[in-house]
Amino acid sequence: MADAATKHFSTNGRAVLPDLKTFPSLLKTRRSLAFVYGFMFAFVVFTAFLTFNSSLNWSSPLFVNIFSITNSSSSTTATTSDSYGSHFSPVFSYFFPNNNIATSSSQQSHALSSENSTHRSNNTTSEPVLTHKAVPSVKNKTKSAENFAESAVLHKNSTRSSPNVNKELANSNSQTQTKQSSDKGESLKLNQTATRAPRVSVAVNQSVNSPAKSGPLGKDNLGKVDKGVAQERLKENYTASFSKKQSNETKQTNGASSQVPEKRKIETWMQNLTNCNLFDGEWVMDDSYPLYKPGSCSLIDEQFNCIRNGRPDNDYQKYKWKPYGCNLPRLNAVHMLDLLKGKRLVFVGDSLNRNMWESLVCILKGAVKDQKKVYEANGRNYFRGEASYSFVFKDYDFTIEFFVSPFLVQEWEMLDKNGTKKETLRLDLVGRFSEQYRNADIIIFNTGHWWTHDKTSLGKDYYQEGSHVYKELNVLEAFRKALTTWGRWIDANINPMKSLVFFRGYSESHFSGGQWNSGGACDSEVRPIKNVTYLREYEPKMKVLEKVLRGMKTHVTYLNVTRMTDYRKDGHPSIYRKQNLSKEERRSSLLYQDCSHWCLPGVPDTWNEILYTQLLINENRKRHR
């Protein structure tokens with residue numbers, strides 16, 4: 001018989017079942033029959049004992065694990081149906097009437113598993129399901145707890161919130177309050193409901209507070225302690241993940257909702273700037289100024305380069321103009337370059353406009369990465385003596401140009417009766433280079449200082465219209481005639497849809513003890529005027545200008561810098577208008593002080609800051625149109 005059995009069990013090295021026909025012969029021995037009848041009797045007695053004994057604790061981990069694991073496993077299978085739970089529970093209750101707690105736990109587990117399955121089927125992004133089955137040995141329990149914690153960490157980054165989160169949280173809380181589960185029961189509930197971060201976080205909080213963390217550290221409690229550690233790690237990971245997600249969602253929501261208030265804030269600020277008198281204010285010390293580092297711009301003319309010429313103080317560089325009704329924005333050179341891209345910006349006027357032109361070139365040049373791509377079109381490094389200059393910003397296809405025209409009308413020569421040439425000022429002809437800048441995008445005009453010189457201020461045999469030379473003409477009347485000629489040319493030649501026109505007002509001088517050619521000085525001034533009673537009366541020539549501007553068809557933006565410059569008696573080059581002079585030479589009566597122009601960095605930077613503000617206002621108006 002042994003040989004026959006061996007023959008049946010091994011054929012060609014492959015295991016096969018013995019012939020079932022030989023099985024009845026095994027039952028013919030007395031020992032086999034005794035074993036079968038004994039087993040059947042023990043099974044009947046054990047079944048009867050279980051049926052009629054009502055004192056057993058059916059909520060113990062043994063029974064809970066036997067049935068709830070079966071139910072949990074079936075609920076995670078793709079072919080699981082609701083009929084399984086509905087059939088199993090009544091049958092189980094019929095045979096074991098004292099198993100209320102175990103039945104409740106099993107039904108809850110099945111309900112949550114079914115809900116998770118429904119969520120996964122409705123969600124386009126699949127969520128990983130964490131499962132963990134209890135095993136009898138302490139070693140395996142510890143390993144399983146570690147694996148479960150590791151799975152939870154990996155699951156943290158793949159979880160997503162669901163519309164059913166609030167419902168699941170509510171169900172989980174109510175179920176926890178209606179029963180007291182054992183440690184393994186809590187663990188199973190955790191494993192079965194750990195598919196989404198919010199619900200897992202609650203389940204972990206429930207299990208962490210269970211008695212599993214207390215008690216002596218024996219063999220029976222070792223697995224519970226390790227499981228508690230795993231649950232703690234799971235709690236921390238999911239809680240952190242959920243909190244971070246809520247924080248990000250809150251930031252996104254707040255960011256979206258804050259766009260409207262931020263836009264309104266900008267609009268309110270721009271409206272405030274538009275309605276603000278930018279020229280009524282005060283100078284305040286601001287250590288963030290100047291707009292460019294002193295000595296960093298090699299393009300500053302010697303006449304304006306006070307630091308290079310030995311001026312020892314530098315507070316005059318650190319004043320910011322603060323209008324009373326608004327805050328003047330700091331000039332952003334990069335943004336201004338973007339606004340000016342592809343454009344021509346032209347200054348037309350006297351040396352005070354050259355002062356402003358050099359200031360703007362230095363401000364914008366400092367914001368260009370490749371300094372070699374900013375250059376004067378004709379390669380000039382000295383900006384006095386020529387009729388025009390042009391700085392090219394190659395990367396921006398943009399130029400800043402300056403045309404010398406101190407009166408805005410033409411200086412002229414004519415022959416007198418004796419045949420000698422006589423200098424006159426043609427009040428009826430605009431400047432000679434006007435055709436070269438008539439199509440510029442932005443034009444900034446000025447005049448005023450040359451009208452204070454001897455010939456213009458006296459007005460004798462100097463002013464000319466047509467072929468007529470006035471024997472004597474009041475300087476203010478001559479100034480009005482010249483500006484009227486300029487205004488008519490603007491109306492006839494400038495396209496307001498293309499070009500912006502500015503007129504910068506008169507810049508005050510601060511000669512003390514005489515004029516520029518009669519010993520006037522300002523070298524001791526290191527602070528601005530604070531008391532308004534020391535300011536001069538408003539310049540009469542600027543009243544004439546304002547009247548002319550009101551009579552023009554073309555809109556001209558008036559940069560009224562007269563009063564704001566009157567405060568700044570400290571900002572002139574004075575004796576620091578040339579280099580390499582001794583103190584005695586600088587104080588010699590034979591040397592003239594410059595109390596009309598301005599050191600750079602200095603006051604003209606603020607004029608350009610106001611120009612930048614006006615460009616912002618203009619862009620805002622364009623958007624509204």
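Calculation rules
- Residues numbered from 1 in each chain as written.
- Predicted model: local features only at pLDDT ≥ 70, side-chain atom pairs only at ≥ 80, totals over all residues.
- Heavy atoms only, no water.
- pLDDT = per-residue confidence, 0-100.
- Contact = heavy atoms within 4.5 Å.
- Pairing = 2+ DSSP bridges.
- Helix = DSSP H or I, 4+ residues; strand = E, 2+ residues; numbered from the N terminus.
- Axes fitted to C-alpha atoms, helices over the stretch in contact; angles between N-to-C directions.
- Expected span 1.5 Å × (residues − 1).
- Polar contact = N/O pair within 3.5 Å; in protein donor to acceptor, adjacent residues only side chain to side chain.
- Disulfide = S-S within 2.5 Å.
- Parallel < 35°, antiparallel > 145°, perpendicular 65-115°, else oblique.
- Nonpolar A, V, L, I, M, F, W, Y, C, P; charged D, E, K, R; others polar.
- Phe/Tyr/Trp six-rings, centres within 6.5 Å; stacked < 30°, edge-to-face > 60°.
- Buried < 20%, exposed > 50% of the residue type's maximum accessible area, 1.4 Å probe, protein only.
- Lys NZ or Arg CZ within 6 Å of the ring centre and 35° of its normal.
- Left-handed = near helix turned anticlockwise from the far one by under 90°.

**Comments concerning the confidence of the model for the chain**
Here is step 1 of the chain: Chain-level statistics for the chain give a pLDDT mean of 73 and a share of 59% at 70 or above.
Here is step 2 of the chain: Note on residues 1–21: pLDDT is under 50 here. Beyond four places in sequence and across chains, it has nine contacts.
Here is step 3 of the chain: Note on residues 229–247: pLDDT is under 50 here. Beyond four places in sequence and across chains, it has 36 contacts.

**Observations concerning the sheet that holds strand β12 (residues 463–465)**
Here is step 1 of the chain: Taken together, the four strands give an open sheet; going across it, the order is β9-β10-β12-β13, and neighbouring strands pair in mixed fashion. Taken across any chain shown, the strands that pair with only one partner, and hence form the sheet edges, are β9 (409–415) and β13 (468–469).
Here is step 2 of the chain: Summarising the sheet, strand β10 (residues 421–430) and β12 pair through two bridges and their orientation is parallel. By the bridge assignment for β12, arginine 426 is matched with glutamine 464.

**Side note on the sheet that holds strand β6 (residues 374–376)**
Here is step 1 of the chain: Pairing is mixed in the open sheet, where seven strands are placed in the order β6-β7-β8-β5-β11-β14-β15. At either margin of the open sheet sits one strand with a lone partner, and together these are β6 and β15 (557–559). With direction set aside, neighbouring strand axes in the sheet form an average angle of 15 degrees.
Here is step 2 of the chain: Pairing of strand β5 (residues 344–349) with strand β8 (residues 398–404) involves six bridges; the strand directions are parallel.

**Side note on helix α16 (residues 475–493)**
Here is step 1 of the chain: The terminal C-alpha atoms of α16 lie 27 Å apart, and with 19 residues this matches the ideal 27 Å at 1.5 Å per residue to within 8%.
Here is step 2 of the chain: Of the residues flanking the start of α16, the one acting as N-cap is asparagine 474, its side-chain oxygen 2.8 Å from the backbone nitrogen of leucine 476.

**So, the state of the cysteines**
By definition, a disulfide links the sulfur atoms of two cysteines through a covalent bond.
Here is step 1 of the chain: As enumerated under the stated definition, the model contains four disulfides in all.
Here is step 2 of the chain: There is a disulfide in this structure between cysteine 306 and cysteine 599, and the S-S distance comes to 1.9 Å. Linking cysteine 306 and cysteine 599, the disulfide has an S-S dihedral of approximately -85 degrees and is accordingly described as left-handed. Residue cysteine 306 is found in the loop between β3 (281–285) and β4 (319–323), and its partner cysteine 599 is found in the loop between α19 (583–587) and α20 (603–624); the two are separated by 293 residues along the sequence.
Here is step 3 of the chain: Residue cysteine 522 pairs covalently with cysteine 595 via a disulfide, S to S 2.1 Å. Handedness of the cysteine 522-cysteine 595 disulfide follows from its S-S torsion of about -100 degrees: it is left-handed.

**Notes on the packing of helix α13 (residues 351–365) against α20**
In a pair of packed helices, the angle between the axes and the distance between the axes together describe the arrangement.
Here is step 1 of the chain: Running from N to C, α13 and α20 cross one another at 75 degrees; their axes reach a closest spacing of 8 Å. As the angle between them shows, α13 and α20 are arranged roughly perpendicular. Side by side, α13 and α20 meet where Leu352, Asn355, Met356, Ser359, Leu360 and Ile363 of the first sit next to Pro604, Asp605, Trp607, Asn608 and Leu611 of the second.
Here is step 2 of the chain: Across the contact of α13 with α20, the residue classes break down as seven nonpolar, three polar and one charged.

**Re the packing of aromatic side chains**
Here is step 1 of the chain: Per the counting criterion, the structure on display carries 20 aromatic pairs.
Here is step 2 of the chain: An angle of 85 degrees between the planes, with centres 5.3 Å apart, marks the rings of phenylalanine 407 and tryptophan 451 as edge-to-face. One end of the pair, phenylalanine 407, is in the loop between β8 and β9; the other, tryptophan 451, is in the loop between β11 (442–445) and α15 (454–458), and 44 residues separate them in sequence. We note that phenylalanine 407, like tryptophan 451, is buried.
Here is step 3 of the chain: Judged by centre distance (5.8 Å) and plane angle (70 degrees), the ring pair of tyrosine 437 and tryptophan 489 falls under edge-to-face. One end of the pair, tyrosine 437, is in helix α14 (residues 434–437); the other, tryptophan 489, is in helix α16, with 52 residues separating them in the sequence.
Here is step 4 of the chain: Taking the relative accessible area as the measure of exposure, tryptophan 489 reaches 8% and is therefore buried.
Here is step 5 of the chain: Each member of the aromatic cluster is reached from another via a ring pair, and the members are Phe403, Phe433, Tyr437, Phe445, Trp486, Trp489 and Phe503.
Here is step 6 of the chain: Over the aromatic face of tryptophan 412 sits the side chain of arginine 426, whose NZ or CZ is 4.6 Å from the ring centroid.
Here is step 7 of the chain: The cationic tip of lysine 541 hangs over the ring face of tyrosine 506; the distance from NZ or CZ to the ring centre is 5.3 Å.

**Points about the packing of α16 against helix α17 (residues 540–550)**
Here is step 1 of the chain: Closest axis-to-axis distance for the α16/α17 pair is 10 Å, and the angle between their directions is 30 degrees. In this structure, α16 crosses over α17, and the sense of that crossing is right-handed. Contacts from Leu476, Phe479, Arg480, Leu483, Thr484 and Trp486 in α16 reach Pro540, Lys541, Met542, Val544, Leu545, Val548 and Leu549 in α17.
Here is step 2 of the chain: In the contact of α16 with α17, the residues fall into 10 nonpolar, one polar and two charged.

**A closer look at α13**
Here is step 1 of the chain: Over its 15 residues, α13 runs 21 Å from end to end, which matches the ideal 21 Å to within 8%, given 1.5 Å per residue.
Here is step 2 of the chain: Among the 15 residues in α13, 15 count as buried, and that is most of the element.

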